[in-house]
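Summary of structural features
Below are the chains, spelled out letter by letter.
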Amino acid sequence: MNILAIESSCDETAAAVMIDDKRLLANVVDSQIVIHRPFGGVVPELASRHHLRNIYPVVTEACRIAKLELGEIDLLAVTKGPGLIGSLLVGLNFIKSLSMVLNVPFVGVDHMAGHLNSPFLSASKPSFPFIALVASGGHSSLFLVRDHDEVRLLGRTRDDAAGEAFDKVAKLLGLPYPGGPEISREAGEGNPEAIPFPRSWLGPDSVDFSFSGLKTAVANHVNKERQQGRRLAIADICASFQAAVVEVLTEKAILAARQQGISNLVLAGGVAANPSLRQQLALRCQAEGMQLHMPELEFCTDNGAMIALAGYHHFLKEGPSPLEMDVYSRSPLLSQAV
Ligand code: KG4
Ligand code: ZN
């Protein structure tokens, strides 16, 4: 099956073309970062307008790279949520129209299911069951994954997501949006032990997360330094903040794996692009005798390839989605009781 997939849940207009779950032919991502940067974050209305403008050129480009005509597509996949409603509607309606015009089925895919499928885009694929840490701009969650469609939530953030904490702390320090890549760049020049920012463990057995206390601790530190007329040691603050996030994410992923008696771990989501997190988790897994799978950097942040893959498995199991399908802002995967 030739699959065409679209991802438009936030500020990337992305399209991918894939043959079954085997060969990725094209993966085009059009980022809106420069559009939202002056506002310090994503402006929903601007995002949907830019998706509307870019979706046809991005899909055309993906087909050109894949050397396929739209008429040769057998299955369509699209993110149905969670995300910005206006942005999701652009992708969903585009796919519905294609589905009617081309007379091929489409499937709506959960964005989290997309991230959970992203490590399968690498040559070395994880085997089931595995524990997945998905850390992105909107979510920080731990899942027990028994199969492509058998996913149980183990823990989630009680307030800010990890990526959100990166973005908010970057804003506080006057660094541009999105904050994750900026902070990790600055952190490379700083001392991770310079400032002892708090680690929020929420109890010895908890695999939930909380990052808002850490964000407040950085804000308090910045205010104190400014009040005392000192120049901010940006690199040290970034390195110390990043160390706190990385330690909590890493240790809770290991704890969840131990609690479930599972030795396969997967790291996914935009924050999985963080070099320090990749390195620390790899070291800890090695020490624990656990196998770690991480998607390549281009598949960590939002992309169409992960939606194509999730869509393929969803279609095999459940068949096509109905034409009246709607979008949602909250994932059912994240509404499970833990
Ligand atoms: O998965 P993603 O592309 O979009 C969502 O589903 O939210 O994740 C975007 C998030 C942003 O918060 C961004 O700051 C963060 O991933 N991010 C990073 C890095 N690259 C992107 N966070 C930390 N370090 C990075 N290198
Ligand atoms: Zn995402």
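Scroll up to find the structure this text is about.
What comes next concerns the included structure. A quick note: this is a predicted structure, and the numbers were derived from the prediction, not measured. (Residues numbered from 1 in each chain as written. Chains lettered and ligands numbered in written order. Predicted model: local features only at pLDDT ≥ 70, side-chain atom pairs only at ≥ 80, totals over all residues. Heavy atoms only, no water.)

1. Some points on the site of ligand 1
In the neighbourhood of ligand 1, 18 residues make up the surrounding shell, with Gly137, Asp167, Gly180, Asn274 and Asp302 lying closest. The side chain of aspartate 167 places a nitrogen or oxygen atom 2.7 Å from an oxygen atom of ligand 1. For ligand 1, whose free accessible area comes to 560 Å², the fraction covered by protein is 89%. Elements represented by at least two residues in the shell around ligand 1 include exactly α4 (111-117), α5 (162-172) and α6 (179-187). Of the residues that constitute the shell around ligand 1, the class distribution is five nonpolar, 11 polar and two charged. (Near = heavy atom within 4 Å. Polar contact = N/O pair within 3.5 Å; in protein donor to acceptor, adjacent residues only side chain to side chain. Areas by Shrake-Rupley, 256 points an atom, 1.4 Å probe, with all protein chains shown as cover. Helix = DSSP H or I, 4+ residues; strand = E, 2+ residues; numbered from the N terminus. Nonpolar A, V, L, I, M, F, W, Y, C, P; charged D, E, K, R; others polar.)

2. Topic: α5
Along α5, the positions that sit buried rather than exposed are Ala162, Gly163, Ala165, Phe166, Val169 and Ala170. Viewed along the axis of α5, the buried residues span an arc of 160°, placing them on a single side of the element. On the buried face of α5, the contacting elements are β6 (130-135), β7 (140-147), α6, α7 (212-227) and α8 (234-260). (Buried < 20%, exposed > 50% of the residue type's maximum accessible area, 1.4 Å probe, protein only. Arc of directions from axis to C-beta. Contact = heavy atoms within 4.5 Å.)

3. Re the coordination of the zinc ion (ligand 2)
Coordination of the zinc ion (ligand 2) by the protein is provided by His111 (NE2), His115 (NE2) and Asp302 (OD), with metal-donor distances spanning 2.0 to 2.1 Å. Each donor residue of the zinc ion (ligand 2) belongs to the same chain, with the gaps between them written as H-x3-H-x186-D. Of this pair, histidine 111 and histidine 115 both sit in helix α4, four residues apart, which is roughly one turn of that helix. The same class applies to histidine 111 and to histidine 115, which are both buried. (Donors = N, O, S within 2.8 Å, 3.2 Å for Na, K, Ca; no water.)

4. Remarks on the sheet that holds strand β1 (residues 2-7)
Read from one edge of the open sheet, five strands run β3-β2-β1-β4-β5, paired in mixed fashion. The sheet is open, and its two borders are formed by β3 (23-31) and β5 (106-110), each paired with just one other strand. This sheet shows a mean twist of 20° between the axes of neighbouring strands, independent of strand direction. As paired strands, strand β4 (residues 75-81) and β5 are joined by five bridges and run parallel to one another. The partner of glycine 81 across the bridge, within β5, is aspartate 110. The sheet strands contacting helix α2 (residues 44-66) are β1, β2 (12-19) and β3, and the helix crosses β2 at an angle near 25°. (Pairing = 2+ DSSP bridges. Axes fitted to C-alpha atoms, helices over the stretch in contact; angles between N-to-C directions.)

5. Description of the pairing of β7
In terms of residue burial, β7 counts as a mostly covered element, since six of its eight residues are buried. Across six bridges, the pairing between β6 and β7 is antiparallel. Looking at the pairing, leucine 133 lines up with leucine 142 of β7. Pairing between β7 and strand β8 (residues 150-156): six bridges, direction antiparallel. Among the inter-strand pairings, leucine 142 is bridged to a residue of β8, identified as glycine 155. Connecting β7 to the next strand, β8, in antiparallel fashion are two residues.

6. Considering the sheet that holds strand β10 (residues 291-293)
The strand order across the open sheet formed by five strands is β8-β7-β6-β9-β10, and the pairing between neighbours is mixed. The open sheet has two edge strands, β8 and β10, and neither has a second partner. Each strand axis lies, on average, 25° off the axis of its neighbour in the sheet, ignoring direction. Against the sheet, α8 touches β6, β7, β8 and β9 (264-268), its axis set at about 155° to β6.

7. Observations concerning the pattern of salt bridges
Tallied over the full model, the rule gives 15 salt bridges. Its salt-bridge partner being arginine 49, residue glutamate 45 comes within 2.6 Å of it at the nearest N-O pair. Highlighted residues: glutamate 45 and arginine 49, both in helix α2, separated by four residues, approximately one helical turn. Since its relative accessible area comes to 48%, arginine 49 is described here as partly exposed. Taking the shortest distance from any N to any O, the salt bridge between glutamate 225 and arginine 230 comes out at 3.0 Å. One salt-bridge network, held together by shared partners, links Asp160, Glu164, Lys168 and Lys215. (Salt bridge = Lys/Arg side-chain N within 4 Å of Asp/Glu carboxyl O.)

8. What to know about unusual backbone geometry
Cis geometry is adopted by the peptide bond preceding proline 129, which originates at phenylalanine 128 and carries an omega value of -10°. Within the secondary structure, proline 129 sits in the loop between α4 and β6. With a phi angle near 60°, lysine 67 is a residue other than glycine that sits in the positive phi range. The topology assignment puts lysine 67 in the loop between α2 and β4. Classification of lysine 67 by relative accessible area gives exposed; the value is 72%. The backbone of leucine 202 shows a phi angle near 55°, a positive value even though the residue is not glycine.

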